[in-house]
Amino acid sequence: MTLRIAYSPCPNDTFVFDAWAHGRVPGAPALDVTFADIDLTNGWAEHGGADEYDVLKVSYAVLPWVLDEYALLPCGGALGRGCGPLVLTREAGTDLTGKTVAVPSERSTAYLLFRLWAAEVVPGGVGDVVVMPFHEIMPAVRDGKVDAGLVIHEARFTYQDYGLHSLADMGEHWESTTGLPIPLGAIIAKRSLGEETLRLLAESARASVRMAWDDPEASRPYVLEHAQEMDPAVADRHIGLYVNEFTADLGDDGYAAVRGLLTRAAAEGLVPPLAPDALDFV
């Protein structure tokens, strides 16, 4: 059995899936891997079409639209503390009222956290929102193509290289108002695969991340091959921030964070409400 999977080329994903993608996880199904930006995977999950995948890395924010067809795996994704998206500007303290903001996806968790934040601190509302691949956002802010950018991943470590300022940390806002970790990226799989296969997928993802922790050097060639010329030290910091205990198992706190985010967003009319058992695994 070979399953089609799509995840990002970011270091946390390649680190997590290296052992599995290269056939080193005993008993795991083979993977046919596609690398894709989160905006694409969110769209594939929501709209399907010609490109159909058995397993996808998506934003937690897209779950309310896709959980009828896909199940949330209890491992393999990205949650954590101190790892939230940042709003960057060219000038410190910029007022975002009526300003153009670049975001990585309107279905992204980053955008959902931004909307919740902006509802409280930008009472006049931001202006236009422009979707672009996350690696293009900082140059666009630097070059004045947009007024501000919502960034994720390793941009936390590199935005000062572009001469930019951090206006706000969406993760700090989320953690200070909820006390919960920040839910960012989820691994979902088609329910039609059946309960036995879904359990095998979860076991395979968990084994793959544990193998990566046991031997980090084994994953390094795969990580750096796809890290878009990223400095190896930045890639290591990226992995250290986004691959943690929640990657191996969401646990009670992880599920509370996901449900808390989506319940709060539903109350604001940003996402459809979740069914009580929507997040349950098989």
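Residues numbered from 1 in each chain as written. Predicted model: local features only at pLDDT ≥ 70, side-chain atom pairs only at ≥ 80, totals over all residues. Heavy atoms only, no water.

Chemist: Which parts of the structure should I look at to understand the packing of helix 4 (residues 109–121) against helix 7 (residues 170–178)?
Modeler: Each pair of packed helices gets described by two things: the angle between the helix axes and the distance between those axes. Packing of helix 4 against helix 7 leaves a shortest axis separation of 10 Å and a crossing angle of 75°. With respect to each other, helix 4 and helix 7 are oriented roughly perpendicular. Between helix 4 and helix 7, the residues in contact are Leu113, Phe114, Leu116, Trp117 and Glu120 and Met170, His173 and Trp174, respectively. Its residues placed into classes, the contact of helix 4 with helix 7 shows six nonpolar, one polar and one charged. (Axes fitted to C-alpha atoms, helices over the stretch in contact; angles between N-to-C directions. Helix = DSSP H or I, 4+ residues; strand = E, 2+ residues; numbered from the N terminus. Parallel < 35°, antiparallel > 145°, perpendicular 65-115°, else oblique. Contact = heavy atoms within 4.5 Å. Nonpolar A, V, L, I, M, F, W, Y, C, P; charged D, E, K, R; others polar.)

Chemist: Is there a simple way to think about the packing of aromatic side chains in this case?
Modeler: Each aromatic ring pair is characterised by the separation of its centres together with the angle its planes make. Applying the stated criterion to the full structure yields seven aromatic pairs. Plain terms: the ring middles of Tyr7 and Phe17 are 4.6 Å apart, the flat faces sit at 10° to each other, and that makes the pair stacked. Taken as a pair, Tyr7 in strand 1 (residues 2–7) and Phe17 in helix 1 (residues 11–21) lie far apart in primary sequence, 10 residues in all. Of the two residues, Tyr7 and Phe17, neither departs from the other in class, the shared state being buried. Aromatic side chains Phe17 and Trp20 sit 6.0 Å apart centroid to centroid with 35° between the ring planes, which places their arrangement in the tilted category. In this pair, Phe17 and Trp20 are both assigned in helix 1, three residues apart and thus about one turn of the helix distant. By way of ring pairs, the aromatic residues Tyr7, Phe17, Trp20, Phe35 and Tyr222 are connected into one cluster. In this structure, Arg4 packs its charged tip against the face of Tyr53, placed 4.4 Å from the ring centre. (Phe/Tyr/Trp six-rings, centres within 6.5 Å; stacked < 30°, edge-to-face > 60°. Buried < 20%, exposed > 50% of the residue type's maximum accessible area, 1.4 Å probe, protein only. Lys NZ or Arg CZ within 6 Å of the ring centre and 35° of its normal.)

Chemist: Would you take a moment to explain the pattern of salt bridges for this structure?
Modeler: Two side chains with opposite charge may pair up if their charged atoms get near one another. Tallied over the full model, the rule gives 11 salt bridges. When the shortest N-O distance is used, the salt bridge between Glu120 and Arg264 registers 3.4 Å. Separated by 144 residues along the polypeptide, Glu120 in helix 4 and Arg264 in helix 12 (residues 251–267) bring together distant segments of the chain. By sharing partners, the salt bridges in this structure join Glu217, Arg220 and Asp236 into a single network. (Salt bridge = Lys/Arg side-chain N within 4 Å of Asp/Glu carboxyl O.)

Chemist: So what exactly am I meant to see when it comes to the confidence of the model for the protein here?
Modeler: A residue-level look at the protein finds 98% of positions with pLDDT of 70 or above and a mean pLDDT of 93. Ranking the helices and strands of the protein by mean pLDDT puts helix 8 (residues 195–214) first, with 98, and helix 6 (residues 155–158) last, with 84. (pLDDT = per-residue confidence, 0-100.)

Chemist: Sorry if this is basic, but what is going on with helix 7 here?
Modeler: Each α-helix winds once per 3.6 residues, and so residues spaced three or four apart point in a common direction. Along helix 7, the positions that sit buried rather than exposed are Met170, Gly171, His173, Trp174 and Glu175. Against the buried residues of helix 7 lie strand 6 (86–89), helix 4, strand 9 (148–151), strand 10 (165–169), strand 11 (182–190) and helix 12. Where helix 7 begins, one side-chain oxygen reaches toward the backbone nitrogen of Gly171, 2.8 Å away; that side chain belongs to Asp169. Positive backbone phi, at 75°, marks Gly179, one or two positions downstream of helix 7. (Polar contact = N/O pair within 3.5 Å; in protein donor to acceptor, adjacent residues only side chain to side chain.)

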